[in-house]
Amino acid sequence: MSLSSDYFSSLLKVCCDTRNLTQAKKLHCRIIKTVKNPETFLFNNLVNAYSRLGSLKHASNVFDQITQPNLFSWNAILSAYSKAGNIVQVQKSFNLMSVRDGVSWNCLISAYAGRGLVAESVHSYNMMLRDGTRNLNRITFSTMLILSSNAGYIHLGRQVHGHIMKFGFSEYVFVGSPLVDMYSKAGLIGDARLVFNEMPERNLVLHNTMVTGLLRCGLVEESKMLLYNMTERDSISWTTMITGLTQNGLEADAVSFFREMVSEGLEIDQFTYGSVLTACGSILAVDQGREIHAFAMKTNYIGNIFVGSALVDMYCKCKHIHYAKRIFNRMVRRNVVSWTAMLVGYGQNGFGEDAVRAFHDMQRNGIKPDDITLGSVVSSCANLASLEEGLQFHCLAFVSGFVSCLTVSNALISLYGKCGNVEDSSRVFGEMNHLDEVSWTALISGYAQFGKAYETIGLFEKMLALGFKPDGVTFIGVLSACSRAGLVEKGEHYFESMLEEHQITPSADHYTCMIDLLSRSGRLQEAKSFINNMPFPPDAIGWSTLLSSCRFQGNLEIGKWAAEALMELEPQSPASYVLLTSMYAATGKWDDVAQLRKGMRERGVKKEPGFSWIKYKNKVHFFSADDHSSPYLDQIYAELESLNSRITAEGYFPDVNSILHDVEDSMKIKMLNLHSERLAIAFGLIFIPSNLPIKVVKNLRVCGDCHNATKYISKVTGREILVRDAVRFHLFKDGSCSCGDFW
C-alpha cells in the first residue's frame, strides 16, 4: 500500500467529516492527475466518500473503474445503493457478488427495510440464516427490530428476539435499545422493562430509549424517576422528557424541565427548542414562550429554520399573529413546515384570506405543499365559505395525489359541509378508502349545521355501530341537530350518554347545546332549572342562547335574568343590551329601551354592525343595512322595489317588531327592506346566472322578517337561495326553508 493511497484516503475522510462534496471532487481530480494506477484500496475509499456525501452517480462511476473489485469494493457500492434506496441496483449488485459477508447481507436487508418491504426483508433475513449464522451481527438484528416496530409486526419482532437469545446477542446494548423501543411502541411496556432490567450493562442510549418508552405508555412518574436516577444525562435525555411530557398533556411540567435543563448548563439544540415551544403553544403560555424566544436569540438559534418554524407556531397558537408574521418574514430560509405553520396560524386566528394568499405565495416561492398544508388551506376556505377557491384546491389535491390523505379528505368534507353542499360532503366521504373519527365528525357536523337532524342522528348511530369513538366535537354536532329539530328527548338521551357510555365530560359548549335545545322548544323554565343545576355557570354564549330564545318567545322575566347574568359576565358585550332592547321594543316599552341605550352609551358599548356578503367573479361584495356604497346601488334598489311588490302580492306581510326603533310603521317597513341580506340577495338575482343558486353569508343571525321575506322571494323568483348566518344554513326553495322555521 503506497503512501499516496494513505494520504489521499485521510484527506477523503476529512471531506466526509466536513460534508464537503466539492472538495472531495477536487481531490478526486488530483488523484486522477497524480496517481497512475490507483490501488483498489483508494478506489474503495472514493466510492465510500461519494456515498457518504450523497453523490451516488460519482460513487457508481468510480466503482465501474475498478478492474478487480474485492469484497470491500462490492460492499461499498452496495451500501451506496442501499442508502439511496435504489433497490434494483442493490439486487443486481448483490447477485453479481461471488463472496458475501455480514455487511453484504445487511445492505440488502436495510435496502428492503428502508422502503418498508417487510416480506422481502424477512426473505433476505432467512436466506442470510441459511447462508450461515457466522454473518449475523448486531446490525442485522437492529435492522429487523426497527422494521418490525415501524410496521407494527410485533409477532415478527418476537421471533427476531428469540433469534437474538438463541445466537447469543441478548447482552448487546446495541440490540437492547431497539428491543425496548419495539415493545414500548406496541404498548408492551412490561416486556420493554424486562429487556431493560436484564441488560448487564446499560449505556446512555438504552436509558434514553427506556425513558421514551415509559412516556409513550403514559408512565410519567416512573420516567421521571428513571431520569433522575441516571448517572449520566445528556441533552437528548432532557429533550426526550420535555417532548414526552408535552405529548402526555403536561405542558407546564415540560416548561419546568426546560428551565431545569438550562440550569444544569446542558446544550440546548433545535429539537429541545421545538419541543418546549410546542408545550408553550399548547397551554397559551406566551410569556414563557417569549422568554424561550429570547434565550434562542442569546444562543444563536434564532436563524435555525426548525426553531423559527416552532416560534411561528407558538405565537400563532397564543393568538399573537403579528409576532408570528414578524418572525416568519425575518426567516432567511423557509421550508414547507415554516409556511404551513404560518398558514395554519392565519386560519386558526380567523384570517382565512391571508391563509389562502400565503398558500399562493408559498407556491410562487417554489415550495411544494404537503398534505397538511393543503388540508389547512382547504379548512380556511371552509371557514370563509369560499366554495370557488375550495374547488380549485380540491382539483390540486387530485393532481398532486393528496386527495387520498386523511387530512385533505377530512378538510374537503368540512368545506362542502360549511358551504351547504352536504351532498358533495357525502360523496367525498363515500369515496374515501380509509375513514377515522374526524371523517365521521366532519360529515355529522355538516348535516347538523344544514338542519338535517334525522340524517345527522342516523350517521351518528352508524358511526357507533361501526366501532368508531365519538369525541366532544361529534356530540356538539349531534346535540345541535337535535336542538334545531326540536328533538328534546333524543338530545337529553345523547347528553346523558356522553359521560355514562363514552366517558366524555361535557364542556361549556355541550351545556350550551342543551340550553339551546330546551329554550328553543319553549321549555324556558326547564332551561332555567338546567342552568341552576350545572356544575359551572354558563359562558357568554350559553346566556346569549337563552336570552335569544326568550326574545323570540317574549318571556321577559327569564330574559331579564339571563341579560343581567350576561352583562355581569361581559359588561362590554352588546349582545345582552341588544336582545333585551328588542324584547322591550316588542312590548312597546320604549322608556326601558331608551334607558338601556343610555347605559350602552355610558359604558361605551357598541352594537356589532350586521353585514352580508356575496361572491361574484372572484370578488366579494359586502353590504350593510341601508348601504349606499355599492356601485350597483340603483340596480339593487330597483330590484328590491320590484321584489317587494311581488312578494306582497303573494301574501308577505312585514314584521315591524324586528325593528327596535320608536318610529312609524312605514319607516320600519322601509328599514326592513334595506337589511344587508336583502341587498345581497338582490345583487345575486341581478348578476348570478339563473341556473346557479344564490349564496349569501351574514355575520349575525337572520332576523325573523328577512327569513320570511326570503321564503317568498325564492317562491316568486324560482331561485334557490342559500344563506349562512351566525347560527346555521338556510336553503330557501319554492317558498320554504330547510330549517323548517326553527333556528
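Residues numbered from 1 in each chain as written. Predicted model: local features only at pLDDT ≥ 70, side-chain atom pairs only at ≥ 80, totals over all residues. Heavy atoms only, no water.

## Details of the overall build of the protein
For the protein, the helix and strand inventory stands at 40 helices and 6 strands. Taken over the C-alpha atoms alone, the protein extends approximately 110 × 55 × 50 Å along its principal axes. The buried share of the protein, reckoned over its 743 residues, is 49%. A sequence separation of at least 24 residues applies to 61% of the contacts in the protein between residues at least 6 apart. Taken as a whole, the protein presents about 35700 Å² of accessible surface, with 52% of it coming from carbon and sulfur. Averaging the locations of the 72 positively and 73 negatively charged side chains of the protein gives two centres separated by 8 Å. (Helix = DSSP H or I, 4+ residues; strand = E, 2+ residues; numbered from the N terminus. Buried < 20%, exposed > 50% of the residue type's maximum accessible area, 1.4 Å probe, protein only. Contact = heavy atoms within 4.5 Å. Areas by Shrake-Rupley, 256 points an atom, 1.4 Å probe, with all protein chains shown as cover. Lys, Arg positive; Asp, Glu negative; His and termini not counted. Charge placed at Lys NZ, Arg CZ, Asp CG, Glu CD.)

## Notes on the packing of aromatic side chains
One pass over the full model with this rule turns up 35 aromatic pairs. An angle of 45° between the planes, with centres 6.5 Å apart, marks the rings of Tyr-273 and Phe-295 as tilted. One end of the pair, Tyr-273, is in helix 17 (residues 270-282); the other, Phe-295, is in helix 18 (residues 286-298), and 22 residues separate them in sequence. Tyr-273 gets classed as buried once you look at its relative accessible area, which sits at 0%. Taking relative accessible area as the criterion, Phe-295 reaches 22% and is therefore assigned partly exposed. (Phe/Tyr/Trp six-rings, centres within 6.5 Å; stacked < 30°, edge-to-face > 60°.)

## Concerning the pattern of salt bridges
Per the stated rule, a full pass over the model turns up 25 salt bridges. Between Glu-222 and Arg-193 there is a salt bridge; the shortest N-O distance is 2.9 Å. Of the two residues, Glu-222 sits in helix 14 (residues 220-229) while Arg-193 sits in helix 12 (residues 189-198), which places them 29 residues apart along the sequence. Here Arg-193 falls in the partly exposed class, since its relative accessible area comes to 27%. Where Glu-221 meets Lys-224, a salt bridge forms, and the shortest distance between an N and an O atom there is 3.7 Å. With Glu-221 and Lys-224 both in helix 14 and 3 residues apart, the pair spans about one turn of that helix. The class for Lys-224 is buried, based on a relative accessible area of 15%. (Salt bridge = Lys/Arg side-chain N within 4 Å of Asp/Glu carboxyl O.)

## Re the packing of helix 28 (residues 453-465) against helix 30 (residues 488-502)
The angle between the axes and the distance between the axes are what describe a pair of packed helices. Orientation of helix 28 relative to helix 30, taken along the N-to-C sense of each, is 20°, at an axis distance of 13 Å. Relative to helix 30, the element helix 28 lies roughly parallel. Note on packing geometry: the crossing formed by helix 28 with helix 30 is left-handed. Note on element contacts: helix 30 touches helix 28 through Lys-490, Tyr-494 and His-502, opposite Ile-457, Phe-460, Glu-461 and Leu-464. Of the residues in the contact of helix 28 with helix 30, the class split is 4 nonpolar, 1 polar and 2 charged. (Axes fitted to C-alpha atoms, helices over the stretch in contact; angles between N-to-C directions. Parallel < 35°, antiparallel > 145°, perpendicular 65-115°, else oblique. Left-handed = near helix turned anticlockwise from the far one by under 90°. Nonpolar A, V, L, I, M, F, W, Y, C, P; charged D, E, K, R; others polar.)

## Overview of the environment of Leu-674
Its place among the elements puts Leu-674 in the loop between helix 38 (665-673) and helix 39 (676-687). Spatially, the C-alpha atom of Leu-674 lies 24 Å from that of Ala-594, the residues being 80 residues apart in sequence. The contacts of Leu-674, once residues within four sequence positions are left out, are Ser-624, Ala-625, Asp-626, Tyr-637, Leu-640 and Leu-679.

## Remarks on helix 23 (residues 371-384)
Compared with the 20 Å implied by 1.5 Å per residue over 14 residues, the 20 Å span of helix 23 between its first and last C-alpha is a close match. Looking only at helix 23, the buried set comprises Thr-373, Leu-374, Gly-375, Ser-376, Val-377, Val-378, Ser-380, Cys-381 and Ala-382. On its buried side, helix 23 packs onto helix 21 (336-348), helix 22 (352-364), helix 24 (387-400), helix 25 (406-418) and strand 4 (721-724). By the N-cap criterion, in which a side-chain oxygen at the helix start approaches the backbone nitrogen of a residue two or three places on, helix 23 is capped by Asp-370, the distance to Ile-372 being 3.1 Å. Positive phi shows up at Ala-385, right after helix 23, with a value of about 55°. (Expected span 1.5 Å × (residues − 1). Polar contact = N/O pair within 3.5 Å; in protein donor to acceptor, adjacent residues only side chain to side chain.)

## Details of the UniProt feature "repeat: PPR" (unreviewed entry) in the protein
UniProt tags residues 101-135, 234-268, 335-369, 436-470 and 573-607 as "repeat: PPR" (unreviewed entry). Helix makes up 77% of residues 101-135 and strand 0%, and the two end C-alpha atoms of the span are 6 Å apart. This span, residues 234-268, is 74% helix and 0% strand, and a straight line between its end C-alpha atoms measures 10 Å. (UniProt positions renumbered as here; feature names shortened; annotations may be inferred.)

## Quick word on the sheet that holds strand 4
Sheet architecture is open: 6 strands sit in the order 2-1-3-4-5-6, paired in mixed fashion. The outermost strands of the open sheet, each flanked by one partner alone, are strand 2 (619-624) and strand 6 (736-737). Two strands pair when backbone bridges link them, and strand 1 (residues 611-616) and strand 3 (residues 694-698) are joined in this way by 2 bridges, in the antiparallel orientation. By the bridge assignment, Ser-612 is partnered in strand 3 with Lys-698. (Pairing = 2+ DSSP bridges.)

## Description of the pairing of strand 5 (residues 729-733)
Pairing of strand 4 with strand 5 involves 4 bridges; the strand directions are antiparallel. Opposite Ile-721, over in strand 5, you have Phe-732 as the bridge partner. The hairpin formed by strand 4 and strand 5 contains 4 residues between the paired strands. Of the strand pairs in this sheet, strand 5 and strand 6 are connected by 2 bridges, and their pairing is antiparallel. Bridge assignment links Lys-733 to a residue of strand 6, and that residue is Ser-736.

## With respect to the state of the cysteines
One pass over the full model with this rule turns up 0 disulfides. Looking at Cys-482, it has no disulfide partner, and the nearest cysteine sulfur is the one in Cys-513, 9.5 Å off. Of the residues examined, Cys-513 reaches a relative accessible area of 11% and is grouped as buried. (Disulfide = S-S within 2.5 Å.)

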